[in-house]
Each structure stands twice: as C-alpha cells, then as structure tokens.
Amino acid sequence: MVHHSGSIQSFKQQKGMHTSISEILKEKSLKPSRRSLPCLAQSQTHPINLNHFLSVPLSPEPKPEVADLSQSISTSCSLLPPQTAEDGKDHYVEETEVSTCETRADESFLLQKPVTRAKLEARTDSLQGKNPADSSGLFFRDGKKRIDYILVYKKSSPQVEKRCTFEKNLRAEGLMLEKEPSLTNNDIMFVKVHAPWDTLCKYAEQMNIRMPFRKKCYFTDWKSKTLGSRFHLRCRQIKSWLPRNPMKLDKEALPDLEETDCYTAPFSRARMHHFTINNRETFFSNSTRSRIVHHVLQRTKYEDGKSKMGINRLLGNNTYEAAFPPHEGGYKSRHPIKTHGAQNHRHLLYERWARWGIWYKYQPLDLIRRYFGEKIGLYFAWLGWYTGMLIPAALVGVFVFLYGLFTMDSSQVSKEICEDNTTVMCPMCEETCEPWRLSDSCVYAKVTYLFDNGGTVFFAIFMAIWATVFLEFWKRRRAELTYDWDLIDWEEEEEELRPQFEAKYSRVERVNPISGKPEPFQPFSDKLSRLMVSVSGIFFMISLVLTAVFAVVVFRLIAMEKFASFNWHFVKKNWQFATSGTGVCINFMIIMSLNVVYEKVAYLLTNLEHPRTESEWENSFALKMFLFQFVNLNSSTFYIAFFLGRFAGRPGKYNKLFNRWRLEECHPSGCLIDLCLQMGVIMFFKQIWNNFMELGYPLLQNWWSRRKIKKGGGGGQNVENKTQLPQWEKDWNLQPMNAHGLVDEYLEMVLQFGFTTIFVAAFPLAPLLALLNNIIEIRLDAYKFVTQWRRPMPARATDIGIWHGILEGIGVLAVITNAFVIAITSDYIPRFVYAFKYGPCMDKGHHHQNECLRGYMNSSLSVFDMGDLKNGSQSRYCRYRDYRAPPWSPVPYEFTLQFWHVLAARLAFIIVFEHLVFGIKSFIAYLIPDMPKDLCDRMRREKYLMQEMMYEAELEHLQKERKKNGRRYHHEWP
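Predicted, not measured: the structure shown is a model, and the values here were computed from it.

Peer 1: How should I be thinking about the overall build of the protein in this particular structure?
Peer 2: From N to C terminus, the protein includes 36 helices and 16 strands. Every one of the 974 residues in the protein was classed for burial, and the buried ones make up 52%. Residue pairs in contact within the protein that sit at least 24 positions apart in sequence constitute 77% of those at least 6 positions apart. With the model as given, the accessible surface of the protein reaches about 46,500 Å², and the carbon-plus-sulfur share is 58%.

Peer 1: Would you mind going over the pairing of strand E1 (residues 149–154) with me for this structure?
Peer 2: A regular strand places its side chains so that they alternate between the two faces of the sheet. Within E1, five of the six residues are buried, which leaves the element mostly enclosed by the surrounding structure. Relative to strand E3 (residues 188–194), E1 is paired through six bridges, and the arrangement is antiparallel. Along E3, the bridge assignment pairs lysine 154 with isoleucine 188. Pairing geometry for E1 and strand E6 (residues 322–324), over three bridges, is antiparallel. When the bridges of E6 are listed, leucine 151 appears paired with alanine 323.

Peer 1: Got a minute to help me understand the pattern of salt bridges in this structure?
Peer 2: A side chain of one charge can pair with a side chain of the opposite charge when the charged atoms of the two come close. What the rule picks out here adds up to 25 salt bridges. Close ionic contact of arginine 369 with glutamate 374 constitutes a salt bridge, the shortest N to O distance being 3.0 Å. The burial state of arginine 369 is the same as that of glutamate 374; both residues are buried. A salt bridge links aspartate 882 to arginine 884; the shortest N-O distance between them is 2.9 Å. No difference in accessibility class separates aspartate 882 from arginine 884, as the two residues are buried.

Peer 1: Would you take a moment to explain the side chain of histidine 194 for this structure?
Peer 2: Topologically, histidine 194 is positioned in strand E3. Since its relative accessible area comes to 3%, histidine 194 is described here as buried. A polar contact of 2.7 Å, which involves the side chain of histidine 194, links it to the backbone oxygen of arginine 146. Look past the residues within four positions of histidine 194 in its chain and what remains in contact with it is Phe140, Lys145, Arg146, Asp148, Leu175, Met176 and Arg289.

Peer 1: Got a minute to help me understand the nonpolar core in this structure?
Peer 2: For soluble globular proteins, the rule of thumb is that nonpolar side chains tend to be buried together. Counting 148 residues, the largest nonpolar core has Trp382 and Trp803 as its most contacted members. At 15 residues, the largest contribution of residues to this core is made by helix H18 (residues 374–406). Not counting the four nearest positions on each side in its chain, tryptophan 382 is found in contact with Phe470, Trp474, Tyr746, Met749, Ile800 and Leu807. Counting 39 residues, the second-largest nonpolar core is a separate cluster that includes Leu170, Tyr203, Met211 and Ala265.

Peer 1: Explanation requested: the sheet that holds strand E2 (residues 176–181) in the structure shown.
Peer 2: Backbone-to-backbone hydrogen bonds pair the strands of a sheet. The strands run either parallel or antiparallel. Strand order in the open sheet formed by four strands is E2-E3-E1-E6, and the pairing between neighbours is antiparallel. Of all the strands in the sheet, the pair left with one neighbour each is E2 and E6. Taking each pair of neighbouring strands and ignoring which way they run, the sheet shows an average axis angle of 20°. Against the sheet, helix H8 (residues 160–172) contacts E1, E2 and E3, and its axis sits at roughly 160° relative to E1.

Peer 1: Help me understand the state of the cysteines, please; the structure alone is not making it clear to me.
Peer 2: In protein structure, a disulfide is the covalent linkage between the sulfur atoms of two cysteines. Under the criterion given, the structure shown has two disulfides. Paired by a disulfide, cysteine 418 and cysteine 442 hold their sulfur atoms 1.9 Å apart. On the sign convention where negative means left-handed, the S-S torsion of about 85° between cysteine 418 and cysteine 442 marks this disulfide as right-handed. Of the two residues, cysteine 418 is situated in helix H19 (residues 412–419) and cysteine 442 in helix H20 (residues 442–451); the sequence distance between them amounts to 24 residues. With a sulfur-sulfur separation of 2.0 Å, cysteine 426 is cross-linked through a disulfide to cysteine 878. On the sign convention where negative is left-handed, the bridge of cysteine 426 and cysteine 878, at about 80° about the S-S bond, is right-handed. Taken together, the positions of cysteine 426 in the loop between strand E7 (424–425) and strand E8 (436–437) and cysteine 878 in strand E16 (residues 877–881) put the pair 452 residues apart, joining distant regions of the chain. A relative accessible area of 5% places cysteine 426 in the buried class. Using a relative accessible area of 1% as the deciding quantity, one classes cysteine 878 as buried.

Peer 1: Looking at this structure, I do not really get the packing of aromatic side chains. What am I missing?
Peer 2: Ring pairs (aromatic) are described by centroid distance and by the angle formed between their planes. Here the structure, examined in full by the defined rule, presents 53 aromatic pairs. Plain terms: the ring middles of phenylalanine 166 and tyrosine 320 are 6.0 Å apart, the flat faces sit at 65° to each other, and that makes the pair edge-to-face. Here the residue phenylalanine 166 occupies a position in helix H8, and tyrosine 320 occupies one in the loop between helix H14 (311–316) and E6, the gap between them amounting to 154 residues. The lysine or arginine in question, arginine 163, covers the ring of tyrosine 153, its NZ or CZ lying 3.7 Å from the ring centre.

Peer 1: Can you walk me through unusual backbone geometry in this structure?
Peer 2: Residues apart from glycine generally show negative phi values, whereas peptide bonds are mostly found in trans. The phi torsion at asparagine 318 lies on the positive side, around 65°, for a residue other than glycine. Tracing the backbone through its elements, the reader meets asparagine 318 in the loop between H14 and E6. Positive phi values are uncommon outside glycine, yet histidine 610 reaches one of about 55°. With respect to the helices and strands, the residue histidine 610 is situated in the loop between helix H25 (575–609) and helix H26 (614–642).

Peer 1: Explain a nonpolar patch on the surface here, please?
Peer 2: Residues Phe895, Leu897, Trp900, Leu903 and Leu907 make up a contiguous nonpolar surface patch of about 490 Å² in total accessible area. For leucine 903, the location among the structural elements is in helix H35 (residues 897–927). A residue is classified by how much of its surface remains accessible, and leucine 903, at 34% relative accessible area, is partly exposed.

Peer 1: Can you help me understand the packing of helix H29 (residues 743–757) against helix H30 (residues 766–788) in this one?
Peer 2: Geometry of a packed helix pair, given as the angle between the helix axes and the separation of the axes. For the pair H29 and H30, interaxial distance at closest approach is 10 Å and the crossing angle is 170°. It follows from the interaxial angle that H29 and H30 lie roughly antiparallel. Residue-level inspection shows Glu745, Glu748, Met749, Gln752, Phe755 and Thr756 of H29 in contact with H30, the latter providing Ala766, Pro767, Ala770, Asn773, Asn774, Glu777, Asp781 and Lys784. Looking at the contact of H29 with H30, its residues break down into five nonpolar, four polar and five charged.

Peer 1: Can you walk me through the side chain of lysine 179 in this structure?
Peer 2: Within the secondary structure, lysine 179 is located in strand E2. Lysine 179 gets classed as buried once you look at its relative accessible area, which sits at 11%. A polar side-chain atom of lysine 179 sits 3.5 Å from a polar atom in the side chain of tyrosine 153.

Reading the values: rules and limits
- Residues numbered from 1 in each chain as written.
- Predicted model: local features only at pLDDT ≥ 70, side-chain atom pairs only at ≥ 80, totals over all residues.
- Heavy atoms only, no water.
- Helix = DSSP H or I, 4+ residues; strand = E, 2+ residues; numbered from the N terminus.
- Buried < 20%, exposed > 50% of the residue type's maximum accessible area, 1.4 Å probe, protein only.
- Contact = heavy atoms within 4.5 Å.
- Areas by Shrake-Rupley, 256 points an atom, 1.4 Å probe, with all protein chains shown as cover.
- Pairing = 2+ DSSP bridges.
- Salt bridge = Lys/Arg side-chain N within 4 Å of Asp/Glu carboxyl O.
- Polar contact = N/O pair within 3.5 Å; in protein donor to acceptor, adjacent residues only side chain to side chain.
- Core = buried A, V, L, I, M, F, W, Y, C linked by side-chain atoms within 4.5 Å.
- Axes fitted to C-alpha atoms, helices over the stretch in contact; angles between N-to-C directions.
- Disulfide = S-S within 2.5 Å.
- Phe/Tyr/Trp six-rings, centres within 6.5 Å; stacked < 30°, edge-to-face > 60°.
- Lys NZ or Arg CZ within 6 Å of the ring centre and 35° of its normal.
- Patch = residues over 30% accessible without salt bridge, like charges linked within 9 Å, V, L, I, M, F, W, Y side chains within 5 Å.
- Parallel < 35°, antiparallel > 145°, perpendicular 65-115°, else oblique.
- Nonpolar A, V, L, I, M, F, W, Y, C, P; charged D, E, K, R; others polar.

Dropping the structure here:
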C-alpha cells in the first residue's frame, strides 16, 4: 500500500510522534515486559529437539536447490490439478461413497500425491532428523502436511450424503482432507484435516488473530529512572545471595518461554511484511491452527438452508462420531528430558506439570495456555491462585486449632463439666432412658472447645477479609494474564446460534442489531413462560432437598433414642457422637445420590429454556448446577447450625415430631461440635469421591478400551503394542472432555470455596483440608488433561465468567453466616454475657477469663422436678440446658432475665459484626485497584510504540518497493 509522504508527515505531526523509532529508543530501556505470547515464528522458541518433531523447517523464500520440495508441498490454497489414476491408488475412498461423492467438480479439491514421494520423504527426514514412524500420527501420508483436526465417523452411518457434501464444502473453503481407516475397528474411518498457509492467513485475518510483530519490543520503566541503576544492581546482588526458590521451574525446563517477547497486532495479509515470519510452518502455533480449522468447521454447510451448517449439528445427528484436534505425540519418552530434551509440548507438559514429583512447583501457565488455549489456562491460573491464597488461611486456621488444643485442659467450662460428678442431667428420652451425670460428657466438651474458643471470632473476621483480598488480588492477576496473553483488546466474536434455538424459532426472524442479518427470534412471551417453568422446576428440586433433610432429621431423632438406650455401654455413653456420625454418613450418601439427579434435571431445564448461544447455555446450566448442589450440600449444615436444639422445648413439655419423637437438643457444651463433624465428614469424603471420579473413572474407561483393542473386539487388527497405533487412533481411544466443559471443574472448586468460608467459624481446619485437596487437584487435573482426555479445542476467554459473581455472592453470604454461627451456634456470646454480667468478675474490672467463667455451667443449666414425670426416679431434680426459672419459683419454667440478656447480646453482635466486616471488606476493595498502575503505564507505552513501529515498518517497505522499481527516493521519505 502506498501513502503520500506529505500526508504521512502531516498526520504524524498532528499526533506529535517521532519521525524515527530510533529517537524513541534513546530513552533508557528496561527488560521487556513478560508477554507470554512469544514469537512462535522463531524456531528457537521450541524446546530442545522440538522442531524436529513438530514441523518442517521451510523458509518463506525457498532456495533454488529445494525448489522441487517447496513446490510439491506448497501451502497455497489454490486449486490443485485433478489427481491421476496412479495418484488415486494411495487415497482411501470407500466403495460406497465413490458413486455419490467423487465427481469431476470435486476432484480438483482432492489431495494430489506427488510423483517423487519417496524422494521427498527422504529429504524431509534428513532435514527434520526424525524417524518417519514418529510423524505417522501428526502428518499426512506425504509426511509434510500437518494434521490440524481429526473427524471420526462410522462407515455404517446412513448420513453419507451430508458427510460428502460437508467434506466437499470444506475442500472448497481451502482445507485439505485425507481419509484413513482404523486399525482396531473396521467400521471406523478417520478424516485428517490440514489447513494450508493461504487458508490460515485468510481466516486469521477474518478472526482478528493477533500475531507477533517483527520489531523488537522496548519498554521504558519509570521506576528505573527514579531509583537508579545502582539500587537495582544492589538488589540483584542481595537476591543472588538468597537461596533459590524451590517452587520455581528451571529456565532450562521451559526454554525461551519466559524471555522471548514481542509485540503483537491483528494479522493482515496486506501488511504481512510487518510480521515476523521466519518459518511458515511454525508461524501459526498448533493451537491457533486448530482454532482456525474449528472456526471453518463451525461455519461450513452440509445441506441447503440457513441453519444446515456446523460440525456440532453433524455430531448431534451422528454423521460424525467425534471431532477433535490431535495431541502433539506421546507424553512419555525412553530418554530423560534433561539430556535429550522434550519430544513435543505434550511431553514437556507431562514432565514439568502433570507428574506427581513436581507437586510443589509453580504451574507453567504459558505452556498450558499455548497447548490448551486461554480458557483452560485461565482456569488453572485461577486454581493455582486460589491454592496459593489458601496457604495463609490454612496457617491461621491451624494456629486457632492449636490454641484450642493447648488451652483445652485449662478451659474453665471443660473443667466444670469433667469435675462435676454430682450434677444429674435429665433423661434423653422419656421411656427407656435414665438420668445421666454431667461428667459423662467430658470428652465431648473438650472436643467442642477445640473449635469453640477465643480464636473463633478472630478467625471468622480474618476469613471474611481473606475472601475479599483473594477476589481483589485475583482481578489484578487476571489483568496481568490478559495483558501477557494478548487478550486486552480481544472481544469475543459474535457467537453463532445454538442449533436447537435455530430449529425451534426458525419461523420468526428479526434483524440482529450487531451483524445486521436476519436471524431466528424468541418472542418475549415464550421466553417468559419457559423461564417460569424452569424456575418452578428449580423450586421443586430445592423442596426435594429439604424433604431429604427432613428425612435425615427424623433418622437422627430415632437414632438418638436407640443409642441413648443401647445395651452396649460404650455406645450408650457416647450416644451423641454415634447419632451425629451415622446421621452425617447417611446424609452424605443422600447428597451424592441426589447430585446425579440434579445434573440431569439441570440439563433438562436448561434445554427447556432454549438459550440463544452456547455461552448463555453454559451460564444458565452453571447457575442451576450451583444452586442445586449448594442447597444439597449445605441444607443439612444450615439445619444443624441454626435449628438443632432451638425448638426442643423443656422436660415435661418437649416438642415432638408427629407426637412420637422428641426433637433433638444440644449438648450442655453447645451444638458446634455437631456442625464441625458435619462439615469435616462431608468435606473429606466428597473430595475423595470427586478425585476418584475425575481420575479413577477415566483410567478405568481407558483401560477397558485398551483391553478391547488387544482382543480385537472392534473387528480390526489385534494390536499388541500401543505404540504401533497412529496418534489419531490413540486420541480416539482416549476419553472426550466433559460435555459441559469446565463447568464441573469450576463447580467443584466454588463449592469448596463455600465450605471454606461460610461455616469456617465452626471448622477452622477447613482451609487446610481445601489446601491439601487443591495440591492434589492441580496434578490430577493436569494428568487428566495431558494423558487421559483428548485434546480439547483451544478456546479464548478473558475471565472465569459467571463464577466470579458467584464467588462474590459466597463472600457476602459467608459474613452473614459466620456472624450467626458465632452468635447463635457457639457459646461465645453466653459466656461473654455471664463473664461481665453474672460471673464473679461483675463490676470488678478485668480479670483472667477462667476466673470470670467460674460457675458458668451451673448458670447455664436449669432445674426440673422429675416428680412431675412420675417415672419413679431416685433423684428428685435434674438439670437441662436452658435459661428457665426453677420449679419452686412463683413462675416456674419461665424464661429468666439472663435469657433475654443473652438474646439481646446475640442480636447486637450480629449487627456489629456484619457492619464491621462489610466496612472492612469495602475499604479493602477500594484500596486495591483492579489493574496495577505499572501495567496501565506499560499498556499505554506499548500502544504508543506500536503506532510508531507501524509507521516505521510501512516507510521501510515503501522504500524497498521504490528502490526495487528503480525510482529515486529521498533519504527520509520514499
């Protein structure tokens, strides 16, 4: 493109820009910012020996001595001449499709087999330095064209016409196809898809894919000007004296990923000379190539009609069995990676990420993003950030627990319970139960003190602030990642409509205000009615959860009577633990059973709503799954925290369920231990079950597939050695990624976040359990993605979607629930009121806490006359946990003044705690900006330099063009 020099000069003067980029670079420059999109065009960015496996080192301008090679493997998307009969012998074409598919019009799109194939393969092998057998699963038969996508179909499928039309249109779009039969199943056929250079360039421009710009990047660090180079030199010296961080990966382990850096710009064929294209085969990364091919597959028609397009529809009607990008080879090698280097990126990911031996290392996020795409990379970045932030929370929780452990013997409440051998407690049931002594619950009281001590309030406030800090700093971390991964200016392209939406509302159309094209439209009345049905279904499922909780409550009431009158003395003495433990186990089994039902119901309700796009469907499904599983997991926990023992009544006037079972009441030392036991058991067993389903189930499925292959169950060859299979067949035998994408992965972690924050005042060890689980979870997910699943389609994303809003909602709910747990469930407020209003320290100033709580148990227990029961008991009076007047008072069994003081203190504490914590959370959120200031400066600086470099590159190009044409040119302007 040619611009008038005067117009360029005047424009640049208006913008206030330098005439030359060299004037800009006179400033003191710093090390480049850590942009994670390296110059993929440079072959040296790959790991050691990686190029030999991944690509053919073709130069953009082939040398004359290899002209025949470059011509035969030309990546041009222009039409190739029709193949000859001799060439067609090597192309596998089904006999049933010859008559319907192979036409003269289609022959021009078929791959042409070079005549000098053997000669070219020998040359390529010598160039690449690799074994030809190793590339059998990554390239076409000629060994030159890379496989970018795999389509799988059954030859027995009746959808032959649709498939042939689809493949013909794919060739018309510029893609190259090659078919290969399965070695293990005679009914399976693989279609290998390759995108030539011109096709990649065409769609990279349409999709606005940002590619490396050819100029080297320079940045100006404002801090270096103010602090000076001496300070930085001294800091480097001090840092060199410190021991090396063992959690960091060696630079040798990930060569050039951290250091290679360059600007990027939207790709344009008209400005191709601006970009660094050292090698056409490696300019577009494998993930980018797969994304471009997927874009074409999604928009190619298979029948006449507006909605008859896309690979998703063909997968839905069983035209194809699967569609996936191939892995880059095996993940294991006979040779150690330290001496021989990585064979491919999958091998590198396995060695530096998925192995259990490096569980303490940081994740190679740039490599994860390069291989799996930004969406999966953001998930692992968030998971790693969440796991790292759990470390301080777990340490504080352990300190609170240890404080309770070390001060347990000195607790005044525990001492009074354990040393009181004279206090007789009222029977737990009215028929077969007998009175029992308060000292029998000594162990129960000591265990309760471990989780209900002076550090409980502090830890609840700390965790509420921690949740805010976690989310605010994650916003900053996300901003850095979006900058490093070149997602700042990326806007998600207009999504295509879901096939189900188009099929349902194809009769009613409306012009899309963005694209300007007519598309199916869902009337508001229809949308509202479907939404109401969906909401009704949600409430019905929530009522089903509450019914299950009610069934567990009934079981606890029956079990309480049975265990309290059990013949075995050990069980009879520890009836409270037995009741809580069996109730929690049964509740856990009900929870896991209902989760299976909820997933199917959520899927049905989401499809009933007919969301317009896939992202709307995913958000709707994720919200339903979260609501269902959150209520399912926490409903019984809410019952124990806020309802257990609150409506039990009193001896002689107990409230009974169905006039049969007496409602459960709390232990004399409180109900917090029941809540703690509920959380601990469910959290522990649920994590074990989830880890088994994530890794154990795919392992069993893949083992069964390998077993069938060895036996030749598919009617194919009996393959004894798995290494004999090509890569596409190995990937086909792996498990596909979950149909819901990352919903299940995020859902598991978000529910764990709720357990860690909502009732953390009752269970301070929850962050520790979450931390240990997440350390395992990261490696489990890594191993699953690298070894057990097919390679998912690399997708882009700028954030974690709807889950961020759900996390913020959990953070708000955590403040409220922890305030109620401390005020209502624990005995912190009753002890506080007694110490300063009714205890020995009343009106005497501050004293030691144990001295102020002397006599607390006697004050918290009321007296009941068992003569009113007429059960023939030897003792006249018994005690029960409540604040009621004795039977000899003028108003027997009425609430005392202390009860109302405790109730008022509880309500006041809830109000003060919530306002205080919400104020601190808001203040911290205000202090922490969403984007670091130095990042904002770097972004502005980069935008300015990018404009300068664009002008500079355009001028250089014009000078070369005019010099080439023999025109005179000025020393400054062309």
